[in-house]
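Breakdown of the fold
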Amino acid sequence: MDATADVEVQLGQGDVALTARDRQLLQAVAAHGSLNSAAEALGRSYAHAQRRIVELEEVFGPLVDRSRGGSGGGGSELTATAEQLLARFQRLQAEFDGVATAEETVLSGTVVDRDGELATVETPPGTVRAIVDTEASPGDAVEVGIRADTVTLNAPPEAPEPAGTSARNQFAGTVDRIDEGTAIALVALAIDPDTTLSALVTDTSLDKLDISEGADLVASFKATATVGVIPAIEQPDSDEQS
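Residues numbered from 1 in each chain as written. Predicted model: local features only at pLDDT ≥ 70, side-chain atom pairs only at ≥ 80, totals over all residues. Heavy atoms only, no water.

Here's the deal with the overall build of the protein chain
Within the protein chain one finds six helices and 15 strands. Looking at the protein chain residue by residue over its 242 residues, the buried ones come to 43%. For the protein chain, restricting intrachain contacts to residue pairs at least 6 apart in sequence, the fraction spanning at least 24 positions comes to 61%. Of the roughly 12,900 Å² of accessible surface on the protein chain, a fraction of 45% belongs to carbon and sulfur atoms. (Helix = DSSP H or I, 4+ residues; strand = E, 2+ residues; numbered from the N terminus. Buried < 20%, exposed > 50% of the residue type's maximum accessible area, 1.4 Å probe, protein only. Contact = heavy atoms within 4.5 Å. Areas by Shrake-Rupley, 256 points an atom, 1.4 Å probe, with all protein chains shown as cover.)

Encoded structure:
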C-alpha cells in the first residue's frame, strides 16, 4: 500500500496518473500542432515527451492523432479521449482550488525563538516552525495558519524523518472526520484533544491509503507553508473608554 497521501491533482488509472505536467504537454500539442513543436515550446526533450505520451496511451487509450496532414505534414492533434481527460482534469482542479482556498487550520501559540523570517512557535499540539509577522518577537502571541492543501499524510511507519526532509513540521494524530466531495476529500486529523488539522487528498489517494475514521496518521508540512501573524487586539467601544 502506498503510504503517502498526495494532494497534487492527478487522474489515476492503474499505476499511471495524468499529472499537471502531462496536461501542459497535451495542451501544447493542441496549441502547436505537433509533439515536436510542443516539446520545444516547453523546453523538454522530444524523446522524453514521446515516451510519456506512449505511457499514457497504454492506459488511457489514444491521446494524440499523428496522422493529420498525411505523409508530408507530420502534424498532430488531440483525440476526443484526450479532450475528455483534459476536461475531467480541469473539473478536478477547480474543485480542489475551491476547497483549498477555504480550508485552513489556525494554531495559537507563542514565539520562543526567531531566525530571520522563520520562528519557532510553541502551540498546544506542539512546536511549529513558521514564517511569522515581521513585528513578532520572542514572547509574542501569534496565530499560525496552515492551508489544507500543503499538508501531507503518511502512515506512521512511512512518515519521513523530520531532519531528512524539508517538511520539518510533523504531528501524529487520529482521523476524526472525512468529508468526501466529488473528487477531493477533506481529512480532519485530531492532533490533540482540542485541535484538528485539515488535509486535502484526492479520492484516489484516500482509497489507496485506506484512510478511515479512527486511523492513525502523521501529518507533515513545511515551514514555508505556514503564516504566523500577531492577533489583532480588539479595541473597546468608544462609550466604554474612560
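On we go from here.
Observations concerning the pairing of strand β9 (residues 141-147)
Bridge count between strand β6 (residues 104-115) and β9: seven bridges; the pairing is antiparallel. Pairing of Thr110 across the sheet is with Ala141, part of β9. Here β9 pairs with strand β15 (residues 226-229) via four bridges, running antiparallel. Bridging across to β15, Val144 finds its partner in Gly228. (Pairing = 2+ DSSP bridges.)

A few points about helix α2 (residues 35-42)
Helical geometry note: an α-helix holds 3.6 residues per turn, so side chains three or four residues apart project in the same direction. All of the buried residues along α2 are Leu35, Ala38 and Ala39. Mapping the buried residues of α2 onto a view down its axis gives an arc of 95°, with all of them on the same face. With its phi angle positive at about 70°, Gly43 sits one or two positions after the end of α2. (Arc of directions from axis to C-beta.)

Some points on the nonpolar core
Generally speaking, a soluble globular protein has its nonpolar side chains buried in company with each other. Counting residues in each nonpolar core, the largest one holds 30 residues, and the members touching the most others are Val151, Leu153, Val175, Leu197 and Ile211. It is strand β12 (residues 184-192) that contributes the most residues to this core, four residues altogether. Judged by nonpolar contacts, the second largest core, of 20 residues, contains Val16, Leu56, Val64 and Phe89. (Core = buried A, V, L, I, M, F, W, Y, C linked by side-chain atoms within 4.5 Å.)

Describing the packing of helix α1 (residues 20-32) against helix α3 (residues 46-60)
One way to put it is that α1 packs onto α3 with a least axis distance of 11 Å and a crossing angle of 105°. As judged from the angle between their axes, α1 and α3 are roughly perpendicular. Between α1, through Asp22, Leu25 and Leu26, and α3, the contact on the second element is made entirely by Ala49, Arg52, Ile53 and Leu56. (Axes fitted to C-alpha atoms, helices over the stretch in contact; angles between N-to-C directions. Parallel < 35°, antiparallel > 145°, perpendicular 65-115°, else oblique.)

Some details on the environment of Arg177
Position of Arg177 among the secondary structure elements: in strand β11 (residues 169-180). In this structure Arg177 comes out as partly exposed when scored by relative accessible area, which is 34%. A C-alpha to C-alpha distance of 5.1 Å links Arg177 and Ala188, two positions eleven residues apart in sequence. Leaving out residues up to four positions away in the same chain, Arg177 has contacts with Leu186, Val187, Ala188 and Glu213. Within polar-contact distance, the side chain of Arg177 engages the side chain of Asp179 at 3.0 Å. (Polar contact = N/O pair within 3.5 Å; in protein donor to acceptor, adjacent residues only side chain to side chain.)

Brief notes about the confidence of the model for the protein chain
When pLDDT is averaged across the protein chain, the result is 81; 79% of the residues are at 70 or more. The low-confidence segment residues 1-7, where pLDDT is below 50, has 27 contacts with residues more than four positions distant or belonging to other chains. (pLDDT = per-residue confidence, 0-100.)

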